[in-house]
Amino acid sequence: MILGSSVSEVAQLSLASLSGIRGRRMVLYRNGEEQQPLMGWGSVSAAESSGGSSCVPIPTEGSVKPVSSIDSSVIVLGEVDDGFVMAGKVTVSSRREGKKYAYVFGPSIFYIGESNVAKVNELLSNRLPERFIIHDAAVATRVVRVIMERAAALDVAINMSGGILALDGSLRVSNFEPSRCSLVRIAETCERNGVVLMGVTKNTKLRPLQRLEGKLYKSTRPSFMEVSDVVRSIAPTVLGRSVLARLSSDGVPLRIDILTEEGLEGSLSSLVASDILCHGYPDTLKAAHILSIFSLGEEESAKGRLVRTEGTNVVQSFNVRRALLGKMQLGGRGGN
Amino acid sequence: MRILSKRGDEMMILALPGEEFTKGEYMKIVDERADTQMVVQLYDSAYLDSPGIQEDLLRDELFSGSELNRLDPLEMESLGVMIKDARVLLCKIRCVIRAGKRIPESGWLPSRSSSTVSKMGVSELYEIIGSRGTRRILLGESVNGEGNSINAEDLDGRLNIITGRKEAGKSHMAKLLVSGLLDHGAKVLIFDLNGEYGGLALSREGGVSRYAKRVKVLQPGYNLRFSLRYLGKRILVDVLQNVLEVPGATMREFMRIWDYLEQSGRVTLKDLEETINHWHCNEFVRDALLSRYYSLISSDLISDNSRYVTTIEEEFASMKDGGALIVTLSGVGPLARRMIVESVLAKLIDCLEQRTLEPVFLLAEEAHLYLRHTYWEDLITRMRHFGVFSTFVTNQPDAIGPDIYRQADNIFLYNFTNEKDIEQVAQASMTDFETVKSIVRTLEPKHCLVLGKVVGDLPVVVKSVDTDFQSLGSTRLFFTSHIESTPPVETR
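Fair warning: this is a prediction, and the values are worked out from it, not measured in the lab. (Residues numbered from 1 in each chain as written. Chains lettered and ligands numbered in written order. Predicted model: local features only at pLDDT ≥ 70, side-chain atom pairs only at ≥ 80, totals over all residues. Heavy atoms only, no water.)

This brings us to the overall build of chain B. Scanning chain B for helices and strands turns up 15 helices and 19 strands. Here the C-alpha coordinates of chain B stretch approximately 105 × 70 × 45 Å along the principal axes. The buried share of chain B, reckoned over its 492 residues, is 53%. Within chain B, contacts between residues separated by at least 24 positions form 73% of all contacts whose residues are at least 6 apart in sequence. Accessible area of chain B: about 23700 Å², with a carbon and sulfur share of 49%. For chain B, the distance from the average site of its 59 positive side-chain charges to the average site of its 70 negative ones is 4 Å. (Helix = DSSP H or I, 4+ residues; strand = E, 2+ residues; numbered from the N terminus. Buried < 20%, exposed > 50% of the residue type's maximum accessible area, 1.4 Å probe, protein only. Contact = heavy atoms within 4.5 Å. Areas by Shrake-Rupley, 256 points an atom, 1.4 Å probe, with all protein chains shown as cover. Lys, Arg positive; Asp, Glu negative; His and termini not counted. Charge placed at Lys NZ, Arg CZ, Asp CG, Glu CD.)

Dropping the structure here:
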């Protein structure tokens, strides 16, 4: 027998760990996707131990303002011997005086490789090791996404007055902030123009916040609780104040970072009054998301453009995993 | 255009927006490396369902109510639009041409990467077909606007069917064929149910057409009468048996009476009546014979007066350079109609058997209304050996049995919208079901799908040419005749 005492120890550890989950509430992941329990995690006592203030109802009579939401997406189209080719889209979805507007920029194609990584790096506030960008597709994608999204956000902030600008995701200062249109500059511009800047996170990854969601479910009215302290303790670079908010009585709790001078209650009630909410999620953000994601047709268009007009030379390729492991799929995941 | 895929006898061709296609159009796929080309015919088209298209369209529709502005620096939206509007042309493989010769389609496939796909005109197609004749009959124009002719030789000795819904242009095509045959000196016999073929003799302006001298309208009881002797015993027996349904015993008596009259040299209507009245036989038989006799008289087809009788041979003999005898059946009762047609056809065959007539083209409109079913089969299987080449015109495809369709050499198919009619024709026609079903359903008036020998078994869509004679069947309307005398009244 090849396997011996070392493996036995691991087996013991596994068995012993299982005794700890007896009687606990559990959600099972579906196809690797994270799930949330229907009425949030844990008991009220558990939530209180996680920190956070008490629930505050969101006033129903908020002032109606123009709302603009921004979302973006970037996909990797292909790889060249010294970098990556990506396509990106950013969408601004707005609601003003009851009318809907949408502005789509892209698809735009970006190449980041050895020949231009220095230039890309020059755009960023914090210079990054160049290899870090051109050797990792995820980093390159992130860089392009932040550059595109921040550019669009700054343009909207400059041209907006007294409205709400909602970004998809948190207001955390990224490692890839572009120097010309960084999140800080966007925040300053919003402040100058009387615009409330919000970062709306659908599914917070911060466990202590997940524990607090149960409290919001117990409230029958749209309400929020401030969680700035919890967020700061984990992510110190987040701008503004943070809340967990349930914007409608049938909604799910969202983490919202808010940069405002008019107070949390006023800002949230304005958002509720100004935008349509679908399960507690702003419709403009949903529209921005739908318009920014790449359909297969758009991906093919972008690839077609690359091949037809950019003088690229497409070489034969193969999938290493498929070549080594074969086509057989057992419906499983993982095992990278 | 590029080859997308092949399934069975179908070729799928990818086409981007901008190129216009019409159902029935031909295309050639040229593989220069193999010096071979494949001829395919477009029978339908569909959108290219590339992955993600539905999501794209759904998204477009979702935001159709929003004011949507796009900043598209690389103009990729246009590529997206092209992908959304890309089409798949569904084509049937018709033949393969190698070194200029048509060869059987033996599974050869053109290169998908290097072949070129382009439209093909009918003139190029007809070069490939290689017809056996030189006598052209202009039918009209093909879908790409080229003139489209067939050869009269391809109608010679053939069975043709013209079918489609009413007012689609069947009669017009029938008249085009007749005029084309007349141009080449053929002799044509027409059973004209609605009295409309006389228009061949009239120009569109109402004057005399160039066919006026070669067309003769025969009206039963007026200028179409035969003597009893001319028709003869065999034809009379035919009519009595098949049209007037005379029982066996009565028929035996009739034959004895006929023999008696013949021996005494008195084969006239008058003598026939007299003999029946005085003949020694059962009273019921006599009554039966007399009732049939009066039916014969009522058809007005038989006369004893030699000044008013004619013969088919005489009528055709007067048309040395070819001509059309139009037996008009309008205003004739159903029984008389059947007697007239049966007698004329039987006599025609008689003449052809005796070689006193040259082969004749026969055109029968809605023949099921006056021709018994067994006669149809006879016409098709036997008569062509004597030299009667039939063209049936009908708007009821189920009036023609599948056995007749199967023997048809040429079919001129007009629009049908009724699913059952299309299926009936498609199953019996000489090409694949999908082509017929898809093309026939969308044919415009005056457009027909021509199948068979006249087009070298390569189905062609033809728009019938206008004629310089009166070719349209007319519908007598109520409101057009009242329109001037009574002003329209508003109804609630």
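Having put the structure on the table, let's press on.
Attention now goes to the overall build of chain A. A count of helices and strands for chain A gives 12 helices and 11 strands. Its C-alpha atoms give chain A principal-axis dimensions of roughly 60 × 60 × 35 Å. The buried share among the 336 residues of chain A stands at 45%. Restricting to contacts in chain A with at least 6 residues of sequence separation, those with at least 24 account for 68%.

Here we take up the interface of chain A and chain B. On the side of chain B, 18 residues touch chain A, which itself brings 25 residues to the contact. Both sides of the chain A and chain B interface together cover about 2000 Å² of buried area, and 62% of this is carbon and sulfur. On the chain A side of the contact with chain B, Val104, Ser301 and Arg305 of chain A bury the most area, a combined 23% of that side's loss. Taken together, the links from chain A to chain B amount to one salt bridge. Across the salt bridge formed by arginine 59 of chain B and glutamate 298 of chain A, the nearest N and O atoms sit 2.7 Å from each other. On the surface where chain A and chain B come into contact, there are nine residue pairs in polar contact (both at pLDDT 80 or more). A total of 10 residues in the side of chain A that touches chain B trace back to one element, the largest contributor, which is strand 4 (residues 99-113) of chain A. Class assignment for the residues of the side of chain A that touches chain B results in 13 nonpolar, six polar and six charged. (Buried area = accessible area lost by both parts, 1.4 Å probe. Salt bridge = Lys/Arg side-chain N within 4 Å of Asp/Glu carboxyl O. Polar contact = N/O pair within 3.5 Å; in protein donor to acceptor, adjacent residues only side chain to side chain. Nonpolar A, V, L, I, M, F, W, Y, C, P; charged D, E, K, R; others polar.)

Looking at chain B, the domain boundaries give domain 1 (2-65 + 73-120), domain 2 (136-224 + 310-479) and domain 3 (228-298). One C-alpha centre belongs to domain 1 of chain B, the other to domain 3 of chain B, and the line joining them spans 69 Å. (Domains from an automatic or database assignment.)

Let's shift gears to the sheet that holds strand 5 (residues 67-71) of chain B. The 10 strands lie next to each other as 1(A)-7(A)-8(A)-9(A)-6(A)-5(A)-2(A)-3(A)-4(A)-5(B), forming an open sheet whose pairing is mixed. Looking at which strands have only one partner, the edges of the open sheet turn out to be strand 1 (56-57) of chain A together with strand 5 of chain B. Pairing of strand 2 (residues 67-80) of chain A with strand 5 (residues 164-168) of chain A involves four bridges; the strand directions are parallel. Residue serine 69 of chain A lies in a different strand from strand 5 of chain A, and its bridge partner there is alanine 166 of chain A. (Pairing = 2+ DSSP bridges.)

All right, on to the packing of aromatic side chains then. Residues and elements named next belong to chain B. Throughout the structure, instances matching the rule amount to six aromatic pairs over all chains. Ring centres 6.1 Å apart and planes at 40° place the aromatic pair phenylalanine 254 and tryptophan 258 in the tilted group. Of the two residues, phenylalanine 254 and tryptophan 258 are both situated in helix 6 (residues 248-263); the distance of four residues between them amounts to about one turn of the helix. Residues phenylalanine 254 and tryptophan 258 agree in their burial class; the two are buried. Note on tyrosine 260 and tryptophan 279: the rings are 5.7 Å apart at their centroids and 55° apart in plane angle, and the pair reads as tilted. (Phe/Tyr/Trp six-rings, centres within 6.5 Å; stacked < 30°, edge-to-face > 60°.)

All names here are of chain B. One non-glycine residue, aspartate 300, adopts positive backbone phi at about 60°. Positioned with a positive phi, aspartate 457 is a non-glycine residue whose angle comes to about 60°. As for its placement among the helices and strands, aspartate 457 is situated in the loop between strand 18 (447-452) and strand 19 (460-464).

Take the packing of helix 6 of chain B against helix 7 (residues 269-278) of chain B next. Residue and element names in this part refer to chain B. Two elements in contact, helix 6 and helix 7, have axes separated by 10 Å at closest approach and are oriented at 125°. Looking at the two axes, helix 6 sits oblique to helix 7. Helix 7 is crossed by helix 6, and the crossing has right-handed handedness. Where helix 6 approaches helix 7, its residues Phe254, Ile257, Tyr260 and Leu261 are matched on the opposing element by Asp271, Leu272, Thr275 and Ile276. (Axes fitted to C-alpha atoms, helices over the stretch in contact; angles between N-to-C directions. Parallel < 35°, antiparallel > 145°, perpendicular 65-115°, else oblique. Left-handed = near helix turned anticlockwise from the far one by under 90°.)

The next thing to look at is the sheet that holds strand 12 (residues 187-192) of chain B. Residue and element names in this part refer to chain B. In space, the 11 strands of this open sheet follow the order 10-9-19-18-17-11-16-15-12-14-13, with mixed pairing throughout. Strands at the two margins of the open sheet, each flanked by one partner only, are strand 10 (147-151) and strand 13 (215-218). Between one strand axis and the next, the sheet turns by 25° as a mean value, whatever way the strands run. Of the strands in this sheet, strand 9 (136-142), strand 10, strand 11 (160-163), strand 12, strand 13, strand 14 (323-328), strand 15 (360-365), strand 16 (388-394), strand 17 (410-413), strand 18 and strand 19 touch helix 4 (residues 170-183), which is tilted by about 145° from strand 9.

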